[in-house]
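Close look at the chain arrangement
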Amino acid sequence: MLKRREFVKLLGAGGAALALTSECGVGSRAAAIPSLPPFSTPLHIPPVARPERTDGTTDFYRVKMAETQAEIFPGLQTKVLTYNGEFPAATIRAQRGRKVAITQQNQTKQPTAVHLHGAHLPRKDDGHPMDVIEPGGQRDYLYPNTQLGATLWYHDHAHHTEAEHVYRGLAGMYILEDEQEKALGLPEGEFDVPLLLRDSQFDAAGQLVWMLAGFAGRTTLLVNGSPQPYFEVAARKYRFRFLNCANDRSYTLRLGDGKGVPMHLIGSDGGLLPAPVTVTSFDITPGERVEAVIDFSQFPIGTQLTLTNDIGEVEDVKPVMRFDVLRTAPDTSRVPATLRPRADLGEATVERDIEMHVELTPNPADIKSTLDRKLYDPNRIDQRGKLGTTEMWTIRNTDTELGIPHNMHLHLEQFHIIDRNGKPVGGHETGLKDTVVIPPGGNVRIKVRFTEHAGTFVYHCHMLDHSALGMMGQLELTT
Ligand SMILES: [Cu+2]
């Protein structure tokens, strides 16, 4: 039987569990990687995708998924999987009320499926794990963009290979904007910056090392595909859209030394919070988005501020990036005291109970990563629900032996977090969410309203190695 620490090493950790991994001394690299001191490369900003054509209602894009190369380390070419050759993928900017149509061509060697994470859309466009595009094939996705503005993201979701595909690069940000949000006067343009956080393992030649449940070796942190970059900023306010697109790694982020610099949280998975929440650190687990306004005008020119991951299990995974305050700049942006009314999801009339659990097995290759003690079966319906109904889900993480956190992602609808271990949540968790972390031995209650779009949708752990290993279920919604 594998010992607990060996499982933790395989499956990753966050929060309290990270203290365990540190004690056990895991996280050492399996192979030497190109050595680069932190903050020696500039932050890459993914380009904004250009539509191939537009008409009165829709922006049309054509995207090719293929193996290409990226210069992650200066002078080295790394093989990656990309959407249109970009690592990470180009940012798609969409406007509420205008549709986005994307023709996705699969020129990789394996089936793929494109999921728009956080989007409210019909099953045919959801990127369900079994709705795959075979190699050489293509599929048209239509995104209605009827929901309010939010930071969404698109990534691979092919059954069992989503973890490897996302790890190799099939992920990008999708920013949905709305008129009400634009009128608030938040920082925009070059001062509205995507920050895609992830970890990786590289070999000595600078190539990605992939191993399912290979968390312990992934000790190179990337932001927008740059290893621990620096970012030159002006002494003014910026809006940062943090996305954790790592497979399994959670972060607790703090800016600057000591207790940390105040950050004004304004958004979560579902877009703007009811009101800004000022914090000096915040948690972000795989799949989650957090939007924060940081005001650099309080610092003298020449100040350097490190963004630190306070739950890094080894020194290498603590420094995330550095902000260098280099110049002054005019700033007419503001952070209003109220942002967006809290959504009314109604009263819950249906209750569900979901258990997340990893089963200990003698052989690590046989790890059973389960929901309700069952591995994902695309031919099985796990839950049945009715459209037009509000539900309360109690999600329990029973991995007390292993001490592994899990997080739950629902497709189709976003939800409110009612409480965690009986206590109300704060910070970015006060907004609409589609992904929520459940600590080992803990539980979270969420309230969700299923409004429209009949069909079968998945819900799963968004630590992608866990979902690839079976921690996923299916909800069938009927009228
Ligand atoms: Cu999990």
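Just so it is clear, the structure is predicted and the values come from calculations on it, not from any experiment.

**Considering the overall build of the protein**
In terms of regular secondary structure, the protein is built from five helices and 31 strands. The C-alpha radius of gyration computed for the protein amounts to 21 Å, which stays within 12% of the reference 23 Å derived for 479 residues, consistent with globular compactness. Its C-alpha atoms give the protein principal-axis dimensions of about 60 × 55 × 50 Å. When burial is assessed residue by residue, the protein has 60% of its 479 residues classed as buried. Considering only contacts in the protein between residues 6 or more positions apart, those separated by 24 or more positions represent 77%. A total accessible area of about 17,700 Å² is found for the protein, and carbon and sulfur atoms account for 50% of it.

**Here's the deal with the coordination of the copper ion**
Looking at the copper ion, one finds its protein donor set to be H406 (ND1), C461 (SG) and H466 (ND1), positioned 2.0 to 2.2 Å from the metal centre. On the basis of relative accessible area, C461 is assigned to the buried category, the value being 0%.

**Quick look at the sheet that holds strand β17 (residues 271-279)**
Ordered in space as β12-β11-β10-β14-β19-β16-β17, the seven strands form an open sheet in which the pairing is mixed. In the strand order of this sheet, the two ends are held by β12 (226-227) and β17, each with one partner. By the bridge criterion, five bridges tie strand β16 (residues 263-268) to β17 in an arrangement that is antiparallel. Across the sheet, the residue bridging to H264 is T278, located in β17.

**Some words on the environment of R218**
Of note, R218 is situated in the loop between β10 (192-200) and β11 (220-223). Along the sequence, R218 and G312 sit 94 residues apart, while their C-alpha atoms lie 11 Å from each other. Once residues within four sequence positions are removed from consideration, R218 is found in contact with Y167, D199, S200, Q201, W210, M211, A213, N247, D248, R249, V317 and D465. A polar contact is formed between the side chain of R218 and the side chain of D465, at a distance of 2.9 Å.

**Some remarks on unusual backbone geometry**
Cis rather than trans, the peptide bond between F87 and P88 has omega equal to -10 degrees. On the secondary structure map, P88 appears in the loop between β3 (78-83) and β4 (92-95). In this model, N145 sits at a positive phi of 55 degrees, which is unusual for a non-glycine residue. Secondary-structure assignment places N145 in the loop between β7 (138-143) and β8 (150-156). Its identity as a non-glycine residue notwithstanding, N224 has a phi of 50 degrees, on the positive side.

**A closer look at the sheet that holds strand β18 (residues 281-284)**
Hydrogen bonds between backbone groups are what pair the strands of a sheet, and the pairing can be parallel or antiparallel. Overall, mixed pairing links the five strands, which are arranged β13-β21-β20-β15-β18 in an open sheet. The strands lining the two open edges of the sheet, one partner per strand, are β13 (230-234) and β18. Each strand of the sheet is rotated relative to its neighbour by a mean of 25 degrees, with strand direction disregarded. Bridging between strand β15 (residues 251-255) and strand β20 (residues 304-309) involves three bridges; their strand directions are antiparallel. Paired with L255 across the two strands is L307, which belongs to β20.

**Observations concerning the packing of aromatic side chains**
Enumeration according to the criterion identifies 17 aromatic pairs in this entry. Measuring from centroid to centroid gives 4.8 Å for F73 and F202, while their planes differ by 85 degrees, and the two rings are edge-to-face. Pair noted here: F73 is in the loop between β2 (58-70) and β3 and F202 is in the loop between β10 and β11, with a separation of 129 residues, a long-range link. In this pair, the class of F73 matches that of F202, namely buried. Following the ring pairs from residue to residue traces out a cluster consisting of F191, F231, Y238, F240, F242, F282, F296 and F323.

**Observations regarding the pattern of salt bridges**
Counting across every chain of the model gives 35 salt bridges. Here K237 and D331 are joined by a salt bridge, their closest N and O atoms 3.2 Å apart. Placement of the pair is K237 in strand β14 (residues 237-244) and D331 in the loop between β21 (319-327) and β22 (350-359), with a sequence separation of 94 residues. Residue K237 is classed as buried on the basis of its relative accessible area, which comes to 15%. A salt bridge links E291 to R241, with the nearest nitrogen and oxygen atoms 3.7 Å apart. Pair noted here: E291 is in strand β19 (residues 289-295) and R241 is in strand β14, with a separation of 50 residues, a long-range link. On the accessibility criterion, E291 (1% relative accessible area) is buried. Judged by its relative accessible area of 2%, R241 is buried.

**What about the pairing of strand β31 (residues 472-478)?**
Burial analysis of β31 places five of its seven residues in the buried class, which makes it a mostly covered element. One ladder, built from four bridges, connects strand β24 (residues 383-386) with β31; its direction is parallel. Within the sheet, the bridge partner assigned to Q383 lies in β31 and is L475. Bridge count for strand β30 (residues 455-461) against β31 is six bridges, and the pairing is antiparallel. Residue pairing across strands places Y459 opposite G473, the latter belonging to β31.

**Quick notes on the confidence of the model for the protein**
On average, residues of the protein carry a pLDDT of 93, and 93% of them reach 70 or more. Within the model, pLDDT remains below 50 along residues 14-32, and this stretch shows 34 contacts once partners closer than five positions in the same chain are excluded.

**Considerations on the environment of G271**
Summarising the element assignment, G271 is placed in strand β17. We classify G271 as buried; its relative accessible area is 1%. In contact with G271, other than residues within four places in its own chain, are G149, A150, I266 and R340.

About the thresholds
- Residues numbered from 1 in each chain as written.
- Predicted model: local features only at pLDDT ≥ 70, side-chain atom pairs only at ≥ 80, totals over all residues.
- Heavy atoms only, no water.
- Helix = DSSP H or I, 4+ residues; strand = E, 2+ residues; numbered from the N terminus.
- Rg over C-alpha atoms; globule rule 2.2 N^0.38 Å.
- Buried < 20%, exposed > 50% of the residue type's maximum accessible area, 1.4 Å probe, protein only.
- Contact = heavy atoms within 4.5 Å.
- Areas by Shrake-Rupley, 256 points an atom, 1.4 Å probe, with all protein chains shown as cover.
- Donors = N, O, S within 2.8 Å, 3.2 Å for Na, K, Ca; no water.
- Pairing = 2+ DSSP bridges.
- Polar contact = N/O pair within 3.5 Å; in protein donor to acceptor, adjacent residues only side chain to side chain.
- Axes fitted to C-alpha atoms, helices over the stretch in contact; angles between N-to-C directions.
- Phe/Tyr/Trp six-rings, centres within 6.5 Å; stacked < 30°, edge-to-face > 60°.
- Salt bridge = Lys/Arg side-chain N within 4 Å of Asp/Glu carboxyl O.
- pLDDT = per-residue confidence, 0-100.

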